[in-house]
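Commentary on secondary and tertiary structure
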Amino acid sequence: MTSFVGRERELARVRRLLSTGRVVTLTGPGGVGKTRLARRAAAQAHRAFPDGVWLVQLAQLRDRDLLAVEVATTLGIEDGGSEPVENLVRHLQDKTLLIVLDNCEHLVDSVAALLGTLLAAAPTVRVLATSRQTLGVEGEYLFEVPALSLPARSGSARTERAGVTCEAVELFLERAAAVLADRPEDEAFQRCAEELCRRLDGIPLAIELAAARLRAYPVEEILARIGRALDVLTTGPRSAPERHRALKTTIGWSFDLCSLDERLMWARLSVFAGGFDLAAAESVCSDDQLPQSVVFDLLAGLVDKSILQRKNGSARFSLLETVREYGLEHLVALGEEKELRRCHARYFAALADRGGRGFSEREIEWFQQIGLNHANFRLAMQACLSELGEPRVALRIASRLRMYWASPSRILEGCQWLRKALANSPQPSEERAEALWVCAYLELLMFDTQSAARTMAECRELAGMLSLDRVVAALPLLLVHENFIAGDATAALTHAREAVVCGRAVGEPGITGEALFYVAAMAFASGDAEAEKLADEALTFFEGEKAQPWRANVLWINGLVNCRRGEPDTAAACFADAFAVFRHIGHGLGAAVCLDGLAWASMLSEELPRAARLLGMAHPIWQSGPSRMMPHQFSELVARRTVEATVRADLGDERFEEEFWSGASRTLEDAMDEITRAPGPKPASTVAESGEDSLALLTRRERKVAELLAKGMSNADIAADLVLSRRTVESHVQNILNKLGFHSRTQVASWISRLAPGG
C-alpha cells in the first residue's frame, strides 16, 4: 500500500468515536479512502485493545454463509465442535479487541445480524467497519469519510502557507513524483494540479488515477480532458452524488483512453477475484475476438495505464475493487457476464483437477496456485451453485481441493463448501460419491464422528450402486481415521494395509501411496516392530512418484521413528526437510506436526529451551482451527504431551512459559531460521586429535554408515545394505560431516581407517 497522506482531523474523530461507540462505520463512496483511514485509525488505537486488532477483508467474499467462518478464521478461533457463530461468541465473550470489517456493503444484512449477536455476548469487543451504506446495527456510530482538503478557489484568499499545500494536492504531487523522473516545479504545473484536484472533488482514488496519466500526458491535457467529461455530465441527469460522478468520470476517462481491445479485456478481467496470472487471463478472457496471442500485450498496456496492478516480484495482477466494478458494469452491458463466469469456473475446476488426483512432480506449484487463487475458487463454486446452475462442477472443485482444505485454518470452510454443494446436487453421480468421501474425511479430521458415519454410509451405498471401484477402494482409508479416533491404532493399521491392497487392485497410485503413509503412521502409533521398515518403504514409494507433499508426510513419520530410536540428529533432518515443503506450500497442519517433532528431537538432544520454543511455534497453527483434529491427537499421543511435560519439569514453569510464548510470537519464516540453526562444526584438527573419543559424537546408526563410507560404498549401496531409504542415508552422511567438521566423504574414510586396528 502506498503512503498515507493527511487525514489528521479524520483520524482524531474516528479515535474519539471508538472510545465511546461499540460499532463505528466509515461510510462514503468507493475511492474516498475508507479502507486506508480505517487501517490507520486501527493501528493508532491498538494499545487500547490488549487482545489485538484484527482486519477481516470482505471485498472478495460473496457467499454470506461464509461470513462467520471468515471472521473466525481471521481471528484464529478454534472450532470447538460447534457452529462458527457459537464459536465466535464463546471466544469473544471475555476479550477486549477491535475487529475491522472492511468492505461490508455487499453483505450488509449478514454483517448486521452477526454483529448483533456478537456484541450482545461480548461487551468489550468493538468493531470498526467500512461500508458504502450503513449497517443498521443498534448503537452504530456513523462517520462519513470526507474528500481530501482542497485548495482555495482562484481569486479567493489563500489559506496555505508558503511551501505548504492541501491534502488533495499533496497526494497528487506525491503520486506525480512516482511516475515522473523530473516533475515540473513551476507555478503553472502547481495551478493545474490544484484545479485538477478541485475538479475531482478531492477523491483520493480519482486523484491517483489522474496522476498515473502523467506517464503519457502533460497535466494541462489531463485537466482539459477531465474538465470536458465533467462538463458533459453537468448538462445531463445529476441524480448521482458529486463524488460518485467525479470518481466514475475519472475511471471512465481512463476507460476511454484504452483501445477497444483493452476495454474488452478490462471488462472480462472483472470476473476474477483476488488476482490472477497470465495463464488464467489467457484461458478465461480469450476467444475469436481476443485471441490468446494478444493477451500478453493487453495486460502490459493496462498495467501501464494503472488499470491493473502487478505485485512486486510476481506475475500476478489485480484490479482495485472500484475499477473492477466499473469493468463488470461494462461486461454486463455487453451481455457477456454469464459466459465469462462459466469460463472462469471451468478454468478453476481444471486447475483443481490438475493436482486433485494422483501425484505429480508439480504438486508444490499446484498447492501454491491453489493458495493464491483461494478467492477465485470461492467465486467459481458460488457461481456454479447459483447463476450457472452447475452444482456438479462445484462438487468437483470442492472435492479436488481436499488436501488444501485439510489444514486447521481452512478445514471449516472446506466442509461448508462440500455440504452446500452436496445439498445442491442430490442426484446420484460420481462427483457426489467423491464429494461424500472427501466430506467424511474432513469430518473425521475434525472428530465429527456422527456426521462422518452418516456421510460414509451414504458414500458406500452410492459407490456400490454406481460401481465406482475407485471410491470403494478408498473407503478403508476413512476407517483408518475412524479406528484411530476410537483409540484403536492396531485396527487402524489393519485397515491401512487393506487400503494398500485395494489401491493396487484398482491401479490407483494415489490410494496406494496414501495407504502406505497410514500403514507407517499406524505402525508407529501402535508400537509395531516393523514401523521403521514400513516408514522407509513409504518414503521409497513417494520418492519414486516424485510426490513432494506426501513425501514430506512420510519424512515426518521417519523423523518420529528416529526419535523413538534415540537418533535425534537424523530425526531433526527429516523434520526440517518436511517442514520446508509444508511451509513452501502454506500447509499449516504439516508445519505444526513437524514443529512438534522437532521439539521432541531437541528434547532428546538436551536443547530444552529450544524444545519449548518449537512447541510454542506450533501453538498458533493448532489454535487457528478446530480444537480437536485427528493429526493433533496423533501428535499429542506420540510426542507433544510427553515432550511438554518433560521440558516443563526440567526448565520450570516460568522458564518454560517464557520460551513457549517466545516461540508462539514468531512467524513460520522465523521458525525456518530456528530449524536451520545448527551448532558450528567441530574443527577437523580437534577431531583428528581426539581419536576414538570422537566416536561418541556419532549415534550407533551413524557409526555404521561411517564404516560403510570408509569401504567406498555409495549412498544407494549403504541404503540397500542397511535396509534404509536413500534419503535417510543422505541425512546420516550430512550429520556425520557436520559433527566431525569434515567436508568430504574421503575425510570420513581416512578418519575411520586411522581408528581401525593397525591404522
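The rules behind each value
Residues numbered from 1 in each chain as written. Predicted model: local features only at pLDDT ≥ 70, side-chain atom pairs only at ≥ 80, totals over all residues. Heavy atoms only, no water. Disulfide = S-S within 2.5 Å. Phe/Tyr/Trp six-rings, centres within 6.5 Å; stacked < 30°, edge-to-face > 60°. Lys NZ or Arg CZ within 6 Å of the ring centre and 35° of its normal. Buried < 20%, exposed > 50% of the residue type's maximum accessible area, 1.4 Å probe, protein only. Helix = DSSP H or I, 4+ residues; strand = E, 2+ residues; numbered from the N terminus. Pairing = 2+ DSSP bridges. Axes fitted to C-alpha atoms, helices over the stretch in contact; angles between N-to-C directions. Contact = heavy atoms within 4.5 Å. Core = buried A, V, L, I, M, F, W, Y, C linked by side-chain atoms within 4.5 Å. Salt bridge = Lys/Arg side-chain N within 4 Å of Asp/Glu carboxyl O. Expected span 1.5 Å × (residues − 1). pLDDT = per-residue confidence, 0-100. Left-handed = near helix turned anticlockwise from the far one by under 90°. Nonpolar A, V, L, I, M, F, W, Y, C, P; charged D, E, K, R; others polar. Polar contact = N/O pair within 3.5 Å; in protein donor to acceptor, adjacent residues only side chain to side chain.

1. Structural notes on the state of the cysteines
One pass over the structure, following the stated rule, counts zero disulfides. Cys-285 takes part in no disulfide bond, and the closest cysteine sulfur, belonging to Cys-343, lies 8.6 Å away. No disulfide involves Cys-594; its sulfur sits 9.8 Å from the nearest other cysteine sulfur, which is in Cys-574.

2. Some details on the packing of aromatic side chains
Aromatic ring pairs: the centre-centre distance and the angle between the two ring planes describe each pair. The full count for this structure, using the stated rule, is 19 aromatic pairs. Taken together, Phe-272, Phe-276, Phe-317, Tyr-347, Phe-348 and Phe-377 form an aromatic cluster joined through their ring pairs. Lying over the aromatic face of Tyr-441, Arg-402 brings its terminal NZ or CZ to 4.6 Å of the ring centre. A cation over a ring is seen here: Arg-410 above Tyr-404, with NZ or CZ 3.9 Å from the ring centre.

3. Considering the pairing of strand β8 (residues 316–319)
Residues of β8 alternate between two faces, with Arg-316 and Ser-318 on one and Phe-317 and Leu-319 on the opposite face, all of them buried. Examined bridge by bridge, strand β6 (residues 276–277) and β8 share two bridges and lie antiparallel to one another. Across the sheet, residue Phe-276 finds its bridge partner in β8, namely Phe-317. Here strand β7 (residues 308–310) pairs with β8 via three bridges, running antiparallel. Across the sheet, Gln-309 pairs through a bridge with Ser-318, a residue of β8.

4. Some details on the sheet that holds β7
Read across the sheet, three strands follow the order β6-β8-β7 without closing on themselves; strand pairing throughout is antiparallel. Looking at the sheet topology across the chains shown, the edges are occupied by β6 and β7.

5. Looking at the sheet that holds strand β4 (residues 125–130)
Reading across the sheet, the five strands line up as β2-β3-β4-β1-β5 and stay open at both edges, with parallel pairing between neighbours. Of all strands in the sheet, those bounded by a partner on one side alone are β2 (53–57) and β5 (140–144). The mean angle between the axes of side-by-side strands here comes to 20 degrees, regardless of whether they run parallel or antiparallel. Relative to β4, helix α2 (residues 34–44) is tilted by about 155 degrees, and along the sheet it contacts β1 (23–27), β2, β3 (97–102), β4 and β5. The sheet contacts of helix α3 (residues 67–75) involve β2 and β3, and relative to β2 the element is tilted by about 140 degrees.

6. A word on the nonpolar core
The biggest cluster of nonpolar side chains holds 200 residues, and the ones touching the most others in it are Leu-101, Leu-269, Ile-557 and Phe-634. Ranked by residue count, the leading element in this core is helix α25 (residues 509–525), at 12 residues. When residues no more than four places from it in sequence are discounted, the contact partners of Ile-557 are Phe-517, Ala-520, Ala-521, Ala-535 and Phe-634. Within the second largest apolar cluster, 46 residues are counted, among which are Leu-37, Val-145, Ala-176 and Ile-226.

7. Some remarks on the pattern of salt bridges
Scanning the model with the defined rule gives 38 salt bridges in all. For Arg-610, the salt bridge is made with Glu-607, and the minimal N-O distance between the two is 4.0 Å. Owing to a relative accessible area of 30%, Glu-607 belongs among the partly exposed residues under this scheme. Through salt bridges with shared partners, one network takes in Glu-339, Arg-342, Arg-346 and Glu-390.

8. Here we look at α25
In this model, α25 (17 residues) spans 24 Å end to end at C-alpha, consistent with the 24 Å of a helix rising 1.5 Å per residue. With 16 of 17 residues buried, α25 is to be regarded as a mostly interior element. Gly-527 occupies a position one or two residues after α25 and carries a positive phi of about 75 degrees.

9. A word on unusual backbone geometry
Phi is positive for Asn-103, close to 70 degrees, though the residue is something other than glycine. Relative to the elements of secondary structure, Asn-103 occurs in the loop between β3 and α5 (108–121). Look at Phe-447: it is not a glycine, yet its phi comes out positive at around 65 degrees. Summarising the element assignment, Phe-447 is placed in the loop between α21 (430–445) and α22 (449–465). Judged by relative accessible area, which is 13%, Phe-447 ranks as buried.

10. A few points about the confidence of the model for the protein
Across the protein, the average pLDDT comes to 84, with 88% of residues at or above 70. Per-element averaging of pLDDT across the protein places helix α34 (residues 684–690) at the bottom with 48 and helix α12 (residues 278–285) at the top with 96. Residue range residues 155–164 is modelled with pLDDT below 50. Its contacts to residues more than four positions away, or to other chains, number eight contacts. Low pLDDT (under 50) marks residues 678–686, which in the prediction has 13 contacts with non-local residues, meaning those over four places away or in another chain.

11. Concerning the packing of helix α6 (residues 167–179) against helix α8 (residues 204–212)
Interaxial distance between α6 and α8 falls to 9 Å at its minimum, and their mutual angle equals 30 degrees. Read as a crossing pair, α6 and α8 show a hand that is right-handed. Counted together, Ala-168, Leu-171, Phe-172, Arg-175, Ala-176 and Val-179 of α6 and Pro-204, Ile-207, Glu-208, Ala-210 and Ala-211 of α8 form the full contact between these two elements. In terms of residue class, the contact of α6 with α8 is built from nine nonpolar, no polar and two charged.

12. Considering the environment of His-584
Counting through the fold element by element, His-584 comes out in helix α28 (residues 568–585). Setting aside residues no more than four positions away along its own chain, His-584 makes contact with Ile-364 and Gln-368. At a separation of 3.0 Å, a polar atom in the side chain of His-584 contacts the side chain of Gln-368.

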